[in-house]
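Residue-level structural notes
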Amino acid sequence: MPPAEIVNALETALGHGAVISGTDIGERYIEDVLGNRGEAPLAIVRPLSTHDVSRILTICHAHGAPVVTQGGRTGLALGQLPRKDEVVLSLERMTKIEVIDADAGTATVQAGVILQALQDEVEKEGLMFPLDLGGRGSCTIGGNIATNAGGNRVIRYGMTRDLVVGIEAVLADGTILDSLRTVTKNNTGPDLKQLFIGSEGMLGVVTRAVLRLVPKPTDRIVALCAVDDFAQVRALLRHCRARLGGDLTAFEVMWRSYYSRAVGLAGSPPPIATDHAYHILIEASGMDSHLLRDTLELALGEASDGGMIADAVVSRSSAENDRLWRVRDLAIETSRLIAPLVPFDVSVGIRDMDAFVNDVGKAVLDLDPRCEMLVFGHVGDGNLHFAIHNPPDRDELFEQIEHVVYQCVGTYRGSVSAEHGIGWLKRDFLKYTRSPAEIQTMRMLKMTLDPKRILNRNRVIEI
């Protein structure tokens, strides 16, 4: 069927306002948050329901039209950017928070719900959806599920896959797969929802989900500590886990290269001097503010006596919590200070982090002594983010920097993507994280569920 007839078929199936084509297609569907651009899509389709999604995919499957799914368009792996003549399936109108069940501790939502909108709504019930990340104001639940998002609280609550109870998804041919069970105990064969969590839309389109909620902690306290050796970082993490237990919500580490720049952007005096090697943001949350503060301050006092920390400050108000977190939340703005840059989101074993960062630093400086590196991350769960300066007069270095970094990740048996996904950007480096047998199994799953390869074609793996 000619492209114009496919657009007409979609318009007929969905009705007025659901399909955008030609010059009416806005730039926001083609460009990502970092300014990377895709190509002109055939059309933008904006369903209101699961059955709309089913009709869209039935039409596209029948005519072999490739489809790329978009949520909040905050992805950093280029996976949501359209290629020429693809149909963009945008879930931006599927924004219903359908049920909040305080008894079961669950919320049933459509995939286009903005993360922060869900957080704000469940808070009214004294509950919390634990997933939290910098893009909370624009990222969607469907995108979080598709990429198995992590964020700031993984050390306590786990990744997105740990927070999903049930899923509804639409397969490439339009088949609706209903696994929206709200029960936690369901031992009835393989857990099919796990196929779609982290698969980046290549196996099916997540349309609705049942999510796990927890009681909202009434208090949280943040501390910023400075240490001068990575062995102290590891010792402090072990100590905080032992002393704070389940109250430990975050353990974020900022290398000096990052911290010294971030505090300059924060708009207030540095909470701690910038001449230390590492600055660690620790958050504890719970139901008793006095007990929480006493426990955290006792833990830090013991750490100081034990030579684990050189300096520390503890928040005294929610405003101070936000002020300390702001230094860490300025990651994108701080990284841009060394633009043009090559960004990375990897994971390695905590005991290997110091050696890994040193090895990467040496390798990129061998490429060009101007390749400065900023390092920060969710060290409590093994996730490092860093940005490496790519000298503007050496465009060819971009791919060379990627290769040396991901080879190093492979050497340390880490992951080339800790929480941002693979998309187009990291597809060629998947081999450093996954074995040939694993990649072949992914291809078999893809060809079984999407034999015409219409869903997010050539993202994650190439067939």
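A brief look at the structure comes next.

1. A closer look at unusual backbone geometry
- Of the consecutive residues alanine 339 and proline 340, the connecting peptide bond is found in the cis state with omega at 0°.
- Among the structural elements, proline 340 can be located in the loop between α11 (331-335) and β16 (341-347).
- With a phi angle near 55°, arginine 453 is a residue other than glycine that sits in the positive phi range.
- The topology assignment puts arginine 453 in the segment after α14 (436-449).
- Residue arginine 453 is classed as partly exposed on the basis of its relative accessible area, which comes to 24%.

2. Regarding the sheet that holds strand β6 (residues 106-110)
- Read across the sheet, five strands follow the order β5-β6-β10-β8-β9 without closing on themselves; strand pairing throughout is antiparallel. Two strands close off the open sheet at either side, each with one partner strand: β5 (97-101) and β9 (176-179). Taken over all neighbouring pairs, the strand axes of this sheet differ in orientation by 10° on average, direction set aside.
- Bridge count between β6 and strand β10 (residues 205-212): five bridges; the pairing is antiparallel. Across the sheet, residue threonine 108 finds its bridge partner in β10, namely valine 210.
- Along the sheet face, helix α3 (residues 115-123) touches β5, β6 and β10 and points at about 40° away from the line of β5.

3. What about the pattern of salt bridges?
- By the definition in use, this model includes 28 salt bridges.
- Between glutamate 396 and arginine 394 there is a salt bridge whose closest N-O contact spans 2.9 Å.
- You can call glutamate 396 partly exposed: its relative accessible area is 42%.
- For arginine 394, a relative accessible area of 23% gives the class partly exposed.

4. Quick look at the packing of aromatic side chains
- Within this structure, the stated rule accounts for ten aromatic pairs.
- Between phenylalanine 230 and tyrosine 278, the ring centres sit 5.6 Å apart and the planes meet at 70°, which makes this aromatic pair edge-to-face. Of this pair, phenylalanine 230 sits in helix α7 (residues 230-244) while tyrosine 278 sits in strand β14 (residues 278-286), placing them 48 residues apart in sequence.
- With relative accessibility at 3%, the residue phenylalanine 230 sits in the buried group.
- Positioned over the ring face of tryptophan 424 is arginine 83, at 3.9 Å from the centre of the ring.

5. Here we look at the environment of leucine 133
- Relative to the assigned elements, leucine 133 resides in the loop between β7 (127-128) and α4 (141-147).
- For leucine 133 and aspartate 329, which are 196 residues apart along the polypeptide, the C-alpha to C-alpha distance reads 9.1 Å.
- Ignoring any residue separated from it by four or fewer positions in sequence, one finds leucine 133 in contact with Leu115, Cys139, Asn144, Ala149, Gly151 and Asn152.

6. Quick word on the pairing of strand β18 (residues 383-389)
- Of all seven residues in β18, seven are buried, a share of seventy percent or more.
- Every second residue of β18 is oriented toward a common face, with Asn383, His385, Ala387 and His389 on one face and Leu384, Phe386 and Ile388 on the other, all of them buried.
- For β16 and β18, the ladder comprises seven bridges, and the chain directions are antiparallel. Within the sheet, the bridge partner assigned to proline 343 lies in β18 and is alanine 387.
- Looking at chain direction, strand β17 (residues 373-378) and β18 are connected through six bridges and run antiparallel. Bridge assignment links glycine 377 to a residue of β18, and that residue is leucine 384.
- Linking β17 back to β18 in an antiparallel pair, the connection comprises four residues, with glycine 382 at a positive phi of about 85°.

7. Here we look at the packing of α7 against helix α9 (residues 289-305)
- Running from N to C, α7 and α9 point in directions that differ by 145°, and their axes come no closer than 10 Å. Viewed along their axes, α7 and α9 form a crossing whose handedness is right-handed. Of α9, the residues touching α7 (which contributes Leu236, His239, Arg243 and Leu244) are Thr295, Leu296, Ala299, Glu302 and Ala303.
- Residues that form the contact of α7 with α9 fall into these classes: five nonpolar, two polar and two charged.

Conventions we followed
Residues numbered from 1 in each chain as written. Predicted model: local features only at pLDDT ≥ 70, side-chain atom pairs only at ≥ 80, totals over all residues. Heavy atoms only, no water. Helix = DSSP H or I, 4+ residues; strand = E, 2+ residues; numbered from the N terminus. Buried < 20%, exposed > 50% of the residue type's maximum accessible area, 1.4 Å probe, protein only. Pairing = 2+ DSSP bridges. Axes fitted to C-alpha atoms, helices over the stretch in contact; angles between N-to-C directions. Contact = heavy atoms within 4.5 Å. Salt bridge = Lys/Arg side-chain N within 4 Å of Asp/Glu carboxyl O. Phe/Tyr/Trp six-rings, centres within 6.5 Å; stacked < 30°, edge-to-face > 60°. Lys NZ or Arg CZ within 6 Å of the ring centre and 35° of its normal. Left-handed = near helix turned anticlockwise from the far one by under 90°. Nonpolar A, V, L, I, M, F, W, Y, C, P; charged D, E, K, R; others polar.

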